[in-house]
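# Reading the structure
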Amino acid sequence: MACHHSLDPPFRTLHDPWYARRRLCPSGSRGILSGLQHELVLSDAQKRTIYALSTPPGKAGIAVIRISGPDASQVWKDMVSTGRSAGRKGKAREHDPEPWKMHRCQVVHPISEESLDDGLAVFFKAPKSFTTEDVLELHLHSGRAIISSVLSALSCLSYCRPAHNGEFTRRAFEGGRLDLTQVEGLKDLIDAETESQRKAALRAAGGAARSRFEHLRAEIIRCLALVEALIDFGEGEDIEEGVYDQARERVLELARTIQGHLSDNRRGEIIRSGIRLAIFGPPNAGKSSLLNFLAQRDAAIVTPVPGTTRDILELALDIGGLPVIVADTAGLRDTDDIVERIGVERARQMVEAADVSLCVLSLPEIVAGIPPSLEHLITPRTFVLLNKLDLTPPAHIISARAVSDRIGTAGAWEVSLSTGQGTQAFLDGFGKALREQFDLFQERGPLDDPLITHSRHRVHLESTLEFLRAFLDTAPEDIVLGAEELRYAAQAVGKISGLIDVEDVLDAVFRDFCIGK
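Reading the values: the criteria
Residues numbered from 1 in each chain as written. Predicted model: local features only at pLDDT ≥ 70, side-chain atom pairs only at ≥ 80, totals over all residues. Heavy atoms only, no water. Helix = DSSP H or I, 4+ residues; strand = E, 2+ residues; numbered from the N terminus. Buried < 20%, exposed > 50% of the residue type's maximum accessible area, 1.4 Å probe, protein only. Contact = heavy atoms within 4.5 Å. Areas by Shrake-Rupley, 256 points an atom, 1.4 Å probe, with all protein chains shown as cover. Pairing = 2+ DSSP bridges. Axes fitted to C-alpha atoms, helices over the stretch in contact; angles between N-to-C directions. Expected span 1.5 Å × (residues − 1). Arc of directions from axis to C-beta. Parallel < 35°, antiparallel > 145°, perpendicular 65-115°, else oblique. Nonpolar A, V, L, I, M, F, W, Y, C, P; charged D, E, K, R; others polar. pLDDT = per-residue confidence, 0-100. Salt bridge = Lys/Arg side-chain N within 4 Å of Asp/Glu carboxyl O.

## Things to note about the overall build of the chain
When its secondary structure is counted, the chain shows 17 helices and 13 strands. Looking at the chain as a whole, 49% of its 517 residues are labelled buried. Of the contacts formed within the chain by residues at least 6 apart in sequence, a portion of 67% connects residues at least 24 apart. Of the roughly 25800 Å² of accessible surface on the chain, a fraction of 53% belongs to carbon and sulfur atoms.

See below:
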């Protein structure tokens, strides 16, 4: 029996899902290929419509499955049954979705047309969507069986494929919705565990860093334009005198600005990754008790036996709204025990490498002075916690305070970790000191916030500064070489925001995203 389809229009290709879904006619149908009853199969590279679960898996109130690509509207027609199409089947149910509006619907299987869930669906018409493509979101009940059945139904559609890690965000970047600094800010916002991390990530995701990097790049390009004009025309009738000096002055100012960003003590990177705090002191002073107090659980073993802690124990905590990675170290003392000696050496290395160090001392024992093993580790930037207040006579407390004052520290508190005496004052004071030292938003405007939040930013800004200095070192007669240095500087800044295409940078940024983002 001949089929009565007309020949495909010339613009239909194998990349077109319509073409791939269409069944070829049997023999005798106007010379079209005969005997084939199966559909052409698209490769994953040809499937431009992707889908994934965008919410955490498991039992919850709502699960969101996101579909993005040129065939998102076809998914609607194949799987979404709204009030006006309820009860209809196949083509009778097909209609174009009304965009940017939540629709109560039945989500159905595209082949069996079995109802999979009763939920909501919203369609975002390109380019007014996160990815700048057509996007469909299915809002379902979050149960494992429901999620699995809908994802399985989507896999039956020959024009869809599962998304790769970060592919939705990558499409937003490629569509111009986000630049790389906003992509990194979005990832940091998802990962934020403290208030300071949330604030920093929200500003980056909102484009604050993007505008500042773009301003730097625009200024470099303006300097390059001056130099290029000088190369093309020379000073004279067409170009006013002093253009080269004007370009040099601008480059000098840019170099000073970038050097200021690089000299920020890594505040932005520290807030993003966590402040590294090392707790150190002599054996049995209460270091592990302090860790347990900060963690509000028994994270470390506490015994009256000196040398109980022999290795470094780390915990990520929120102290004063800041992310702090607390390391409990071995008690510092001279010992013949080989294992304990290794722990003591690791403790010294940890204290020297930490962003902040907190020395825990026993009040009854420091009246005679600071142990010699600690003297070189206590600096004016070290915080001191004087423990065992409940076991110390008042006269000894005064003597201990005098010893603490003599060594000069960033701050000192007296507490009893066993009874809780003084611990709230310590938490308040220590949290305030950390916020003053590291917080991004203490009495500063947006332009004073750290610009660098990732090591990648620092590397490219260092390269930019090198090229700017190379321009400044270039003699006026070698102005062509100087222009090339400015061009390299603009490219280095462009790599931060992704204004130039660097495939390996893109892969590194997006591979750590979850599938549905």
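So, next bit.
## Looking at the sheet that holds strand β4 (residues 103–108)
Strands pair in a sheet through their backbones, by hydrogen bonds, and they do so in one of two ways: parallel or antiparallel. Strand order in the open sheet formed by 7 strands is β3-β4-β5-β6-β2-β1-β7, with mixed pairing between adjacent strands. Where the open sheet ends on each side, the last strands, each with one partner, are β3 (80–82) and β7 (160–162). Across the sheet, the mean angle separating the axes of adjacent strands is 35 degrees when strand polarity is ignored. Strand direction decides the pairing type here: strand β1 (residues 49–53) and β7, joined by 3 bridges, are parallel. Looking at β7, one finds that I50 is bridged to R161. Packed onto the sheet, helix α4 (residues 167–174) meets β1, β2 (60–68) and β7 and runs at close to 135 degrees relative to β1.

## Some words on helix α13 (residues 394–407)
Between the first and last C-alpha of α13 there are 21 Å, a value that for 14 residues agrees with the 20 Å anticipated at 1.5 Å per step. Within the sequence span of α13, burial applies to I397, A400, V403 and S404. Looking straight down α13, one finds that the buried residues subtend no more than 120 degrees of arc, so they occupy a single side. What points out from α13, more than 90 degrees from its buried face, is the exposed set P394, A395, I398, D405 and R406. On its buried side, α13 packs onto β12 (383–387) and β13 (411–414). Immediately beyond the C-terminal end of α13, within one or two residues, lies G408, with a positive phi of roughly 70 degrees.

## Digging into the packing of helix α15 (residues 455–472) against helix α16 (residues 479–497)
Direction vectors running N to C along α15 and α16 enclose 170 degrees, while the axes themselves pass 8 Å from each other. The pairing of α15 with α16 is recorded here as roughly antiparallel in orientation. Every residue of α16 that contacts α15 at R456, H457, H460, L461, S463, T464, F467, L468, A470 and F471 is listed here: G482, E485, L486, Y488, A489, A492, V493, K495 and I496. Residues belonging to the contact of α15 with α16 are distributed by class as follows: 11 nonpolar, 5 polar and 3 charged.

## Structural notes on the sheet that holds strand β9 (residues 313–319)
Read across the sheet, 6 strands follow the order β9-β10-β8-β11-β12-β13 without closing on themselves; strand pairing throughout is mixed. Of all the strands in the sheet, just β9 and β13 have a single pairing partner and so form its edges. Neighbouring strand axes in the sheet, compared pairwise and without regard to direction, differ in orientation by 25 degrees on average. Pairing of strand β8 (residues 275–280) with strand β10 (residues 322–328), which is carried by 5 bridges, proceeds in the parallel orientation. Within the sheet, the bridge partner assigned to I275 lies in β10 and is V324.

## Observations regarding helix α10 (residues 287–295)
The buried count for α10 comes to 7 of 9 residues, which makes it a mostly enclosed element. Of the surrounding elements, those touching the buried residues of α10 are β8, β9, β10, β11 (356–362), β12 and α14 (423–438). In the stretch just after α10, Q296 is the one whose phi turns positive, near 60 degrees.

## Considerations on the confidence of the model for the chain
When pLDDT is averaged along the chain, the result is 81; 80% of the residues meet or exceed 70. Predicted confidence for residues 1–38 stays below pLDDT 50, and this span has 48 contacts to residues more than four positions away or in other chains.

## Considering the packing of α10 against α14
Two elements in contact, α10 and α14, have axes whose closest approach is 12 Å; the angle formed by their N-to-C orientations is 75 degrees. Regarding the angle of α10 to α14, the classification is roughly perpendicular. Contact residues: L290, F293 and L294 in α10; T423, F426 and L427 in α14. Across the contact of α10 with α14, the residue classes tally to 5 nonpolar, 1 polar and no charged.

## Notes on the pattern of salt bridges
All told, the structure shown has 20 salt bridges when counted by the stated rule. The salt bridge involving E184 is made with R456; its shortest N-O contact spans 2.9 Å. With E184 in helix α5 (residues 180–191) and R456 in helix α15, the pair connects residues that are 272 residues apart, well separated along the chain. Its relative accessible area of 6% is what places E184 among the buried residues.

## Here we look at the pairing of strand β6 (residues 135–142)
The buried fraction of β6 is high, at 7 of 8 residues. When β2 meets β6, the two strands line up antiparallel, connected through 7 bridges. Residue pairing in the sheet places A63 in a bridge with L140 of β6. Judged from the 5 bridges that link them, strand β5 (residues 115–124) and β6 form a sheet pairing that is antiparallel. Across the sheet, residue L120 finds its bridge partner in β6, namely H139.

## Looking at the pairing of β10
Where burial is concerned, most of β10 is hidden: 7 out of the 7 residues are buried. Taking every second residue as pointing to the same face, both faces of β10 are buried, with L322, V324, V326 and D328 on one and P323, I325 and A327 on the other. Pairing geometry for β9 and β10, over 7 bridges, is antiparallel. Bridging from a neighbouring strand, I319 pairs with L322 of β10.

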